[in-house]
Amino acid sequence: MTGRRRRGRRANLPTPVLALAVVAVVFFALPLIGLLWRAPWSNAWGYLTEENALTALRLSLICSLWATLLSVVFGVPLAWLLARVEFHGRGVVRALCTLSMVLPPVVGGVALFFALGRRGLVGQYLDRWFDFRLPFTTAGVVVAQTFVAMPFLVITLESALRQLDQRVEDASRTLGASRWYTFRRVTLPAIRPALVAGGVLAWARALGEFGATITFAGNFPGTTQTMPLAVYLALETNPEQAIVLALLLIAISFAVLVGLRDRWFGRNDRASTTVLA
Amino acid sequence: MTLAASFSLQLGSLDLQADLDVKPGELLALLGPNGAGKSSVLRCLGGLAPIHSGRIVIDELLVDEPATDTFVEPENRPIGFVFQNYLLFENMTVLENVAYGLRARKTPKADARRVAAEWLERVGIAEYADQRPHSLSGGQAQRAALARALATNPRLLLLDEPLAALDAGTRSSVRRDLRRHLETFEGMRILVTHDPVDAYALADRVAILDAGRIVQVGTLAEVTAHPRSRYVADLVGVNLVTGVVVDGVLTTAAGARVVIADALPGPSFAVIRPPSISLVREAVAGSSARNTWAGTIVEVDRLGDRVRVGIDGQLPLTAEITAAALDALQLRPGDGIHASVKATDIEVYSV
């Protein structure tokens, strides 16, 4: 994406290919430049520290970290299941569990609503038996973010687990290690780079989540209004603040991608092709 | 301390049936061609693959018996396993690798490291204790894997092709080292190899595994003196004919008749050594050779001044003639030929 490390090879590219590539880079760079150009630099700090922005930022951080945690807790076993256990319909299960990556997030939000909403398939019982409602709550935001973010972790980990030589785990077992000890001491260290990469990708995706959140959890300052929602709202009321908040989100996502590429995808360049919404 | 294993296992198209006994302190080599199921036998003994029927008893401990629903997990078997590519843990130092088994058995860290250091000393790679396994040479990695497997004091050591990952230049010196280290281990050892040289150098007894069956067990000298499988016959370089002896004639399944001298009736093997076969273009009347078979030459293979001639026919054979004879006869693949051999040159023994 940055092309930094490939600079030395540029001379080998035919000129038309190079020209098209440059157009593509410009295409991606222009919107960013547009924002930077219109950004109210003198008041930037003021806009960022306004009450509504800080509230949204705090909520975004809390919700996205919870979503990442849930993605790890459920995503690691799911990746393990998909990578290691051969069962009928595994392809269907994999497609189902990664569907939310390609689904329009709004559709995901609507689907969550019919499943977990007050009148939803499961939600009605949560409401009736436990007096617990997810929609339009902070927990609902976490659910929406987890729904769209977990697949990023799952596919990254699944490929790492597939590449791992299972005989190394066999070796551990023959040395007297239980399955759990083997997982902690052998498997986990081997997939740690993928776990970190997948976790960071999932976190960045959760941080940027908009469609599913606004559909399922609404847009209430302090409880469900995360940064992307605040940006959207500010476009109507305070466009200059919207630009500043947007730039902040871009900066975070950009830092994540650059960091991931250099640290984790040196050899195994896979998840860097995924796009953060 | 004994191992008694008798089990079967279906592996894709391979139907594996193994019957193994290892005596205390003995090293048994499991020798056979690739795909014969050698590694699968080791995996069953080590608990990495469950058997389908039969039983495995290691040192009076029943570890696997489907009939009684008994299966002891690999971590609870008294075994050590040296894998083909050693499979050292790359996220640990060499010392941590060797200490791993003890740590997994809840030995305190300091004790585990002390024992591991002693083992590294014993196998002569103490100076690599704090390095990662990838910095070791093939021979050193093998010693580390051996130390790791022995550090937990197993009763049964399983070695899966421990020399196959090495290049030819280092293999013989590593084999010598391995032999020295294996001699200091008093438990039972099973070595899987496809190289008879390994079996010859390291093993007390050899079990020949061919296409999922153990076809022969004994010392290597016994096994090669009386081949009982195509694999061993090919290793030794002789023709092995299987058939039934009636009235001094062995008849093969394909109907070829082999006249033999004094042998007991019944199913038998006959060994025909390639140099004892003479080749003639036309069948000769009045020869002292009691056997003459017609065939077609399929292969002519020059090895110095000797030539191996492959013949296909009712009785497929390999003959060995001199280069001068080849030149005189002008033999080429596709030519018709008659192979003859004297009955007294054929060695026969019961199945």
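Our subject is the structure that appears above.
What comes next concerns the included structure. Keep in mind that this is a model prediction, so the values were computed, not measured.

1. A closer look at the overall build of chain B
Item 1. Broken down by element type, chain B carries nine helices and 21 strands.
Item 2. When the backbone C-alpha atoms are referred to their principal axes, chain B occupies close to 85 × 50 × 35 Å.
Item 3. In chain B, which comprises 351 residues, the share counted as buried stands at 39%.
Item 4. When contacts within chain B are restricted to residue pairs at least 6 apart in sequence, those whose partners lie at least 24 apart make up 61%.

2. Some points on the overall build of chain A
Item 1. The number of helices and strands found in chain A is 12 helices and zero strands.
Item 2. Ordering the α and β elements of chain A from the N terminus gives α-α-α-α-α-α-α-α-α-α-α-α.
Item 3. Its C-alpha atoms put chain A at 70 × 65 × 30 Å along the principal axes.
Item 4. Here chain A holds 277 residues, and the buried ones make up 36% of them.
Item 5. Residue pairs in contact within chain A that sit at least 24 positions apart in sequence constitute 74% of those at least 6 positions apart.

3. As for the nonpolar core
Most often, soluble globular proteins have nonpolar side chains that are buried together.
Item 1. Grouped together as the largest cluster of nonpolar side chains are 136 residues, with contacts concentrated most on A:Leu157, B:Ala29, B:Leu30 and B:Val98.
Item 2. The greatest single-element share of this core, amounting to 15 residues, is contributed by helix 7 (residues 138–163) of chain A.
Item 3. If you look at the next biggest cluster of nonpolar residues, it comprises 22 residues, including B:Ile272, B:Ile311, B:Leu331 and B:Ala339.

4. Thoughts on the interface of chain A and chain B
Item 1. Listed by partner, the interface residues are 14 residues for chain A and 16 residues for chain B.
Item 2. Broken down by secondary-structure element, the contributors of at least two residues to the side of chain A that touches chain B are helix 8 (166–174) and helix 9 (179–207) of chain A.
Item 3. Counting residues per element, the side of chain A that touches chain B draws most heavily on helix 8 of chain A, at six residues.
Item 4. In the side of chain A that touches chain B, the residues fall into eight nonpolar, three polar and three charged.

5. Considering the pairing of strand 15 (residues 266–272) of chain B
Residue and element names in this part refer to chain B.
Item 1. Relative to strand 15, strand 12 (residues 239–246) runs antiparallel, the two being bridged by seven bridges. Bridging from a neighbouring strand, Val-244 pairs with Pro-267 of strand 15.
Item 2. Here strand 15 runs beside strand 21 (residues 346–350); their pairing, made up of five bridges, is antiparallel. Note on strand 21: the bridge partner recorded for Ala-270 is Val-348.

6. Details of the packing of helix 3 (residues 51–84) of chain A against helix 9 of chain A
All names here are of chain A.
Item 1. One way to put it is that helix 3 packs onto helix 9 with a least axis distance of 8 Å and a crossing angle of 140 degrees. Relative to helix 9, the element helix 3 is oriented oblique. Crossing handedness for the pair helix 3 and helix 9: right-handed. When helix 3 is examined against helix 9, the residues Ser-60, Ser-64, Ala-67, Thr-68, Ser-71 and Val-72 are found in contact with a partner set consisting of Gly-199, Ala-202, Trp-203, Ala-206 and Leu-207.

7. Focus on the environment of A:Ala144
Residue and element names in this part refer to chain A.
Item 1. Here Ala-144 lies in helix 7.
Item 2. On the basis of neighbour counts, which here come to 33 C-beta atoms within 10 Å, the residue Ala-144 falls in the buried class.
Item 3. Counting along the chain gives 81 residues from Ala-144 to Cys-63, while the straight-line C-alpha distance between them is 9.8 Å.
Item 4. When neighbours within four sequence positions are excluded, Ala-144 is seen to be in contact with Gly-109, Leu-112, Glu-209, Ala-212, Thr-213, Phe-216 and Ala-217.

8. Some words on the sheet that holds strand 14 (residues 257–259) of chain B
Residue and element names in this part refer to chain B.
Item 1. Within the open sheet, the five strands sit side by side as 14-13-12-15-21. Their pairing is antiparallel. The open sheet has two edge strands, strand 14 and strand 21, and neither has a second partner. Geometrically, the sheet is characterised by an average inter-axis angle of 40 degrees between neighbouring strands, direction not taken into account.
Item 2. The pairing of strand 12 with strand 13 (residues 249–252) spans four bridges and is classified as antiparallel. Its bridge partner being in strand 13, Val-244 is matched across the sheet by Thr-251.

9. A short note on unusual backbone geometry
Residues and elements named next belong to chain B.
Item 1. Unusually for a residue other than glycine, Asp-69 sits at a positive phi of about 60 degrees.
Item 2. The topology assignment puts Asp-69 in the loop between strand 5 (61–65) and strand 6 (70–71).
Item 3. The residue Ala-211 is not glycine, and still its phi comes out positive at about 50 degrees.
Item 4. Within the secondary structure, Ala-211 sits in the loop between strand 10 (205–210) and strand 11 (213–218).
Item 5. Take Ala-211: there are 16 C-beta atoms within 10 Å of it, and that puts it in the partly exposed class.

10. Structural notes on helix 3 of chain A
Item 1. Taking 1.5 Å of rise per residue, the 34 residues of helix 3 of chain A would be expected to cover 50 Å, and the 48 Å separating its terminal C-alpha atoms lies within 8% of that figure.
Item 2. Taken as a whole, helix 3 of chain A carries its principal kink of about 35 degrees at A:Gly75; the proline A:Pro77 stands between one and four residues after it.

11. Considerations on the sheet that holds strand 19 (residues 317–322) of chain B
All names here are of chain B.
Item 1. The strand order across the open sheet built from five strands is 16-20-17-18-19, with neighbouring strands paired in antiparallel fashion. Either end of the sheet is taken by a strand with one partner, and the two such strands are strand 16 (278–280) and strand 19. Here the average twist between neighbouring strands, direction ignored, is 45 degrees.
Item 2. Pairing of strand 17 (residues 291–303) with strand 20 (residues 336–341) involves six bridges; the strand directions are antiparallel. Each bridged residue has a counterpart across the sheet, and for Ala-294 the counterpart in strand 20 is His-338.

12. With respect to the packing of helix 5 (residues 105–116) of chain A against helix 7 of chain A
Residue and element names in this part refer to chain A.
Item 1. Packing of helix 5 against helix 7 leaves a shortest axis separation of 10 Å and a crossing angle of 125 degrees. It follows that helix 5 is oblique to helix 7 by the angle criterion. When the axes of helix 5 and helix 7 are compared, the crossing they make is right-handed. Counted together, Pro-105, Gly-108, Gly-109, Leu-112 and Leu-116 of helix 5 and Val-143, Ala-144, Phe-147 and Val-148 of helix 7 form the full contact between these two elements.
Item 2. Among the residues making up the contact of helix 5 with helix 7, the classes are represented as seven nonpolar, two polar and no charged.

The rules behind these values
Residues numbered from 1 in each chain as written. Chains lettered and ligands numbered in written order. Predicted model: local features only at pLDDT ≥ 70, side-chain atom pairs only at ≥ 80, totals over all residues. Helix = DSSP H or I, 4+ residues; strand = E, 2+ residues; numbered from the N terminus. Buried ≥ 20, exposed ≤ 12 C-beta atoms within 10 Å, placed from the backbone. Contact = placed C-beta atoms within 7 Å. Core = buried A, V, L, I, M, F, W, Y, C linked by C-beta atoms within 7 Å. Nonpolar A, V, L, I, M, F, W, Y, C, P; charged D, E, K, R; others polar. Pairing = 2+ DSSP bridges. Axes fitted to C-alpha atoms, helices over the stretch in contact; angles between N-to-C directions. Parallel < 35°, antiparallel > 145°, perpendicular 65-115°, else oblique. Left-handed = near helix turned anticlockwise from the far one by under 90°. Expected span 1.5 Å × (residues − 1). Bend = angle between axes of the 7 residues up to and from the residue.

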